[in-house]
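Notes for the structure review
This is what each chain is made of:
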Amino acid sequence: DDDWHDWQLQLRNRITSLKKLGKLIDLSDSEQQAMAFNGATLPLAITPYYASLISPDDPKQPLRRTMVPTLNELLVSQGEEHDPLGEDNHSPVPGLVHRYPDRVLFLVTDYCSSYCRYCTRSRMVGRRKGHNPARWQKAIAYIAANPNIRDVLLSGGDPLTMADEQLDWLLGRLRQIPHVEMIRIGTKAPMVLPQRITPELVTMLKKHHPLWMSIHCTHPDELTPSATMACTAAKLGS
């Protein structure tokens, strides 16, 4: 029971292979065929917690469709873009998207606890190993040198997959920039890894107010008691 509530153990025991996944659900033909190409598109990764919400026998269950690849994922239609939001063309330094004059998107990590199959950044997430401090420094320097930037959205990947100390350092550096008024964190952790919202994390986040958290919920079935409690706790820290 203690292991189940340890967010780091949840990460270390993610389902990342056909063999593990097949022990939990009855894979359809399309899912089995897609798994043969695991890594060709977006990597497979599902936390044990979220896997417990997936139907073992209904391939059409919304949560299952969210996380388990099917063969259709390998199809590319005419007009589909590698970078559907056109972020790469607005990236002055690696890991930073500056499309609007007063705000930037700071991609602080490429790592997620669970990879949603519809991810608009499937071209980049899960390809490296988490965060890159050297890239952070360049992005922070760019933000500091541009006084028009008042709003910074931390995303990735999922910023809440990082250790408290790493996130604390990053938030602290951004708070030192006088013209940065708003800092936001985009995360799906409360839905796929509610164990991550610890009292220690909430206490750390409170140090950096004003702070906003955008929580990504895909379907009502994700709103379990654990996820709802995590959202409430996250609200206290943001």
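Before reading on, note that the structure itself is shown above.
Structure report, in brief. None of the values given here were measured: they were computed from a predicted structure.

Reading the values: the criteria
- Residues numbered from 1 in each chain as written.
- Predicted model: local features only at pLDDT ≥ 70, side-chain atom pairs only at ≥ 80, totals over all residues.
- Heavy atoms only, no water.
- Helix = DSSP H or I, 4+ residues; strand = E, 2+ residues; numbered from the N terminus.
- Buried < 20%, exposed > 50% of the residue type's maximum accessible area, 1.4 Å probe, protein only.
- Contact = heavy atoms within 4.5 Å.
- Areas by Shrake-Rupley, 256 points an atom, 1.4 Å probe, with all protein chains shown as cover.
- Lys, Arg positive; Asp, Glu negative; His and termini not counted.
- Charge placed at Lys NZ, Arg CZ, Asp CG, Glu CD.
- Phe/Tyr/Trp six-rings, centres within 6.5 Å; stacked < 30°, edge-to-face > 60°.
- Lys NZ or Arg CZ within 6 Å of the ring centre and 35° of its normal.
- Polar contact = N/O pair within 3.5 Å; in protein donor to acceptor, adjacent residues only side chain to side chain.
- Salt bridge = Lys/Arg side-chain N within 4 Å of Asp/Glu carboxyl O.
- Axes fitted to C-alpha atoms, helices over the stretch in contact; angles between N-to-C directions.
- Parallel < 35°, antiparallel > 145°, perpendicular 65-115°, else oblique.
- Left-handed = near helix turned anticlockwise from the far one by under 90°.
- Pairing = 2+ DSSP bridges.
- Right-handed = clockwise from strand over helix to strand, strands pointing away.

1. Quick notes on the overall build of the protein chain
Secondary structure assignment for the protein chain yields 10 helices and 5 strands. The buried share of the protein chain, reckoned over its 238 residues, is 47%. Counting only contacts in the protein chain whose residues sit at least 6 apart along the sequence, the fraction spanning at least 24 positions is 76%. Here the protein chain has roughly 12,000 Å² of accessible surface; of this, 53% comes from carbon and sulfur atoms. Taking the average place of the 27 positive charges on the side chains of the protein chain and the average place of its 26 negative ones, the gap between the two points comes to 5 Å.

2. Describing the packing of aromatic side chains
All told, the structure shown has 1 aromatic pair when counted by the stated rule. The interplanar angle of 15° and the centroid separation of 6.0 Å between the aromatic rings of Trp 136 and Trp 169 together place this pair among those described as stacked. On the criterion of sequence distance, the pair formed by Trp 136 in helix 6 (residues 133–144) and Trp 169 in helix 7 (residues 164–175) is long-range, its members being 33 residues apart. Accessibility expressed as a relative area gives 36% for Trp 169, which makes it partly exposed. Above the ring of Trp 7, the side-chain terminus of Arg 196 is found at 4.0 Å from the ring centroid.

3. Digging into the side chain of His 98
By secondary structure assignment, the location of His 98 is in strand 1 (residues 96–100). At 3.1 Å, the side chain of His 98 and the backbone oxygen of Tyr 100 are in polar contact. Here Pro 101 takes part through its backbone oxygen, which lies 3.1 Å from a polar atom of the side chain of His 98.

4. As for the pattern of salt bridges
According to the stated counting rule, one finds 9 salt bridges in the structure shown. Taking the shortest distance from any N to any O, the salt bridge between Arg 196 and Asp 164 comes out at 2.6 Å. Taken together, the positions of Arg 196 in the loop between helix 8 (189–192) and helix 9 (199–206) and Asp 164 in helix 7 put the pair 32 residues apart, joining distant regions of the chain. Asp 168 is the salt-bridge partner of Lys 207, the closest N and O atoms lying 3.0 Å from each other. Of this pair, Lys 207 sits in the loop between helix 9 and strand 5 (211–215) while Asp 168 is found in helix 7, placing the two residues 39 residues apart along the sequence. Exposure remark for Lys 207: the relative accessible area of 55% places this residue in the exposed category. A relative accessible area of 22% means that Asp 168 is categorised as partly exposed. When salt bridges with common partners are traced through the structure, they connect Asp 102, Arg 103, Arg 150 and Glu 181 into a single cluster.

5. Some thoughts on the packing of helix 6 against helix 7
Packing of helix 6 against helix 7 brings their axes to within 10 Å, and their N-to-C directions diverge by 20°. The angle between helix 6 and helix 7 falls in the class roughly parallel. Where helix 6 crosses over helix 7, the two elements pack in a sense that is right-handed. Facing Trp 136, Gln 137, Ile 140 and Ile 143 of helix 6, the residues of helix 7 in contact are Gln 166, Trp 169, Leu 170, Arg 173 and Leu 174.

6. Some points on the pairing of strand 4 (residues 182–187)
Relative to strand 4, strand 3 (residues 151–155) runs parallel, the two sharing 4 bridges. If you follow Asp 151 over to strand 4, its bridge partner there is Met 182. Between strand 3 and its parallel partner strand 4, the chain crosses via helix 7, and the hand of that crossover is right-handed. Of the pairings in the sheet, the one linking strand 4 to strand 5 comprises 5 bridges and is parallel in character. Opposite Arg 184, over in strand 5, you have Trp 212 as the bridge partner.

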